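The chain contents come next:
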Amino acid sequence: MTTNTIEINRLRYPMDDGKPVWLFGYGSLIFKADFPYLERREARIEGWSRRFWQGSYDHRGTPEAPGRVVTLIEEEGACCRGMAYRVSPEVFTHLDFREKNGYLRFMVAMHFADNRQTQGLLYIAAPDNAAFLGQAHESEIAAQIARSRGPSGPNDEYVLKLAEALRELGDHDSHVFEIERHLLGEE
Ligand code: BEZ
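Now for a look at the structure at hand. (Residues numbered from 1 in each chain as written. Predicted model: local features only at pLDDT ≥ 70, side-chain atom pairs only at ≥ 80, totals over all residues. Heavy atoms only, no water.)

1. As for the site of the ligand
Argument step 1. All residues in the neighbourhood of the ligand are listed as Phe 24, Gly 25, Tyr 26, Gly 27, Ser 28, Leu 29, Val 70, Glu 99, Tyr 103 and Tyr 123.
Argument step 2. In this structure, Tyr 26 approaches the ligand through a main-chain N or O atom, which is 2.8 Å from an oxygen atom.
Argument step 3. Contacts to the ligand include Ser 28, whose backbone N or O atom sits 3.1 Å from an oxygen atom.
Argument step 4. Expressed as a share of its isolated accessible area of 260 Å², the protein-covered part of the ligand is 99%.
Argument step 5. Contributions of two or more residues to the shell around the ligand are made by strand S1 (21-25) and helix H2 (28-31).
Argument step 6. Partitioning the shell around the ligand into residue classes produces 6 nonpolar, 3 polar and 1 charged. (Near = heavy atom within 4 Å. Polar contact = N/O pair within 3.5 Å; in protein donor to acceptor, adjacent residues only side chain to side chain. Areas by Shrake-Rupley, 256 points an atom, 1.4 Å probe, with all protein chains shown as cover. Helix = DSSP H or I, 4+ residues; strand = E, 2+ residues; numbered from the N terminus. Nonpolar A, V, L, I, M, F, W, Y, C, P; charged D, E, K, R; others polar.)

2. Here's the deal with the side chain of Asp 173
Argument step 1. Mapped onto the fold, Asp 173 is located in the loop between helix H5 (155-169) and helix H6 (174-183).
Argument step 2. The exposure class assigned to Asp 173 is buried, which follows from its relative accessible area of 9%.
Argument step 3. In terms of polar contacts, Asp 173 uses its side chain to reach the side chain of Arg 50, at 2.6 Å.
Argument step 4. In this structure the side chain of Asp 173 is engaged in a polar contact, spanning 3.1 Å, whose partner is the backbone nitrogen of Val 176.
Argument step 5. When near neighbours in sequence (up to four residues on either side) are disregarded, Asp 173 contacts Arg 50 and Leu 166. (Buried < 20%, exposed > 50% of the residue type's maximum accessible area, 1.4 Å probe, protein only. Contact = heavy atoms within 4.5 Å.)

3. Digging into the packing of helix H4 (residues 138-146) against H6
Argument step 1. Between H4 and H6, the shortest axis-to-axis distance is 9 Å and the interhelical angle comes to 55 degrees. In this view, H4 runs oblique relative to H6, as classed from their interaxial angle. Considering the relative orientation of H4 and H6, their crossing is right-handed. Taken together, the residues of H6 that come into contact with H4 (itself represented by Glu 138, Ser 139, Ile 141, Ala 142, Ile 145 and Ala 146) are His 175, Glu 178, Ile 179, His 182 and Leu 183.
Argument step 2. Residues of the contact of H4 with H6, tallied by class, amount to 6 nonpolar, 3 polar and 2 charged. (Axes fitted to C-alpha atoms, helices over the stretch in contact; angles between N-to-C directions. Parallel < 35°, antiparallel > 145°, perpendicular 65-115°, else oblique. Left-handed = near helix turned anticlockwise from the far one by under 90°.)

4. With respect to helix H3 (residues 90-98)
Argument step 1. Listed as buried for H3 are Val 91, Phe 92, Leu 95, Asp 96 and Arg 98. For H3, the buried positions fall inside an angular range of 160 degrees around the axis, keeping them on one side. In H3, the exposed residues that point more than 90 degrees away from the buried face are Glu 90, Thr 93 and Phe 97.
Argument step 2. If you follow the buried residues of H3, they end up packed against helix H1 (6-12), S1, H2, strand S3 (67-87), strand S4 (103-112) and strand S5 (117-125). (Arc of directions from axis to C-beta.)

5. Brief notes about the packing of aromatic side chains
Argument step 1. Scanning all chains against the criterion turns up 6 aromatic pairs.
Argument step 2. Considering the side-chain rings of Phe 35 and Tyr 37, the 6.3 Å spacing of their centres and the 70 degrees angle between planes classify their relative orientation as edge-to-face.
Argument step 3. Overall, the relative accessible area of 8% leaves Phe 35 in the buried class.
Argument step 4. Among the aromatic residues, those joined into a ring-pair cluster are Phe 31, Phe 52 and Tyr 158.
Argument step 5. Positioned above the aromatic ring of Phe 112, the side-chain terminus of Arg 41 is 4.2 Å from the ring centre.
Argument step 6. Directly above the aromatic system of Phe 177 lies the positively charged group of Arg 167, at a separation of 4.6 Å from the ring centroid. (Phe/Tyr/Trp six-rings, centres within 6.5 Å; stacked < 30°, edge-to-face > 60°. Lys NZ or Arg CZ within 6 Å of the ring centre and 35° of its normal.)

Here it is in structure tokens:
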């Protein structure tokens, strides 16, 4: 499943002035920052929920057996905690490549712990992208994740690392923790 978004993303938010930009991470970017950054701060965004509804054909699964990774779904009253990074524009070239399977850049308001607010970019895989798998019961999502692996490693490793990182952030994400519980075989 390939919907290569690199060119679309490059045109969405041109950063011709070369100034640093805030990037909000809510998934693997929380625990895997494989890029240089100027500043890293805990942050939250409002009106979005994290969901394992995006198929992973190139990282945690394969075209024949896709895994599942997170995207954001709009939900009134929801709050999603994550990690914000202030980065130079070149970092987006790297991220556009890393997240090329269906994720688009969006601009959002992000809030820091001291309630200061700023605009920043994040990546969302919207329901109309070709790799979107959509809603399923957490037990089914966990079963798919348990049997999936791809070039970036086993899919369950992604969930376990994310759940651990969210615990450190104090984000009680019941969707993620429920999938983790199934993967660990807990009753
Ligand atoms: C993130 O961790 O914010 C992220 C999730 C999916 C794609 C790109 C970034």
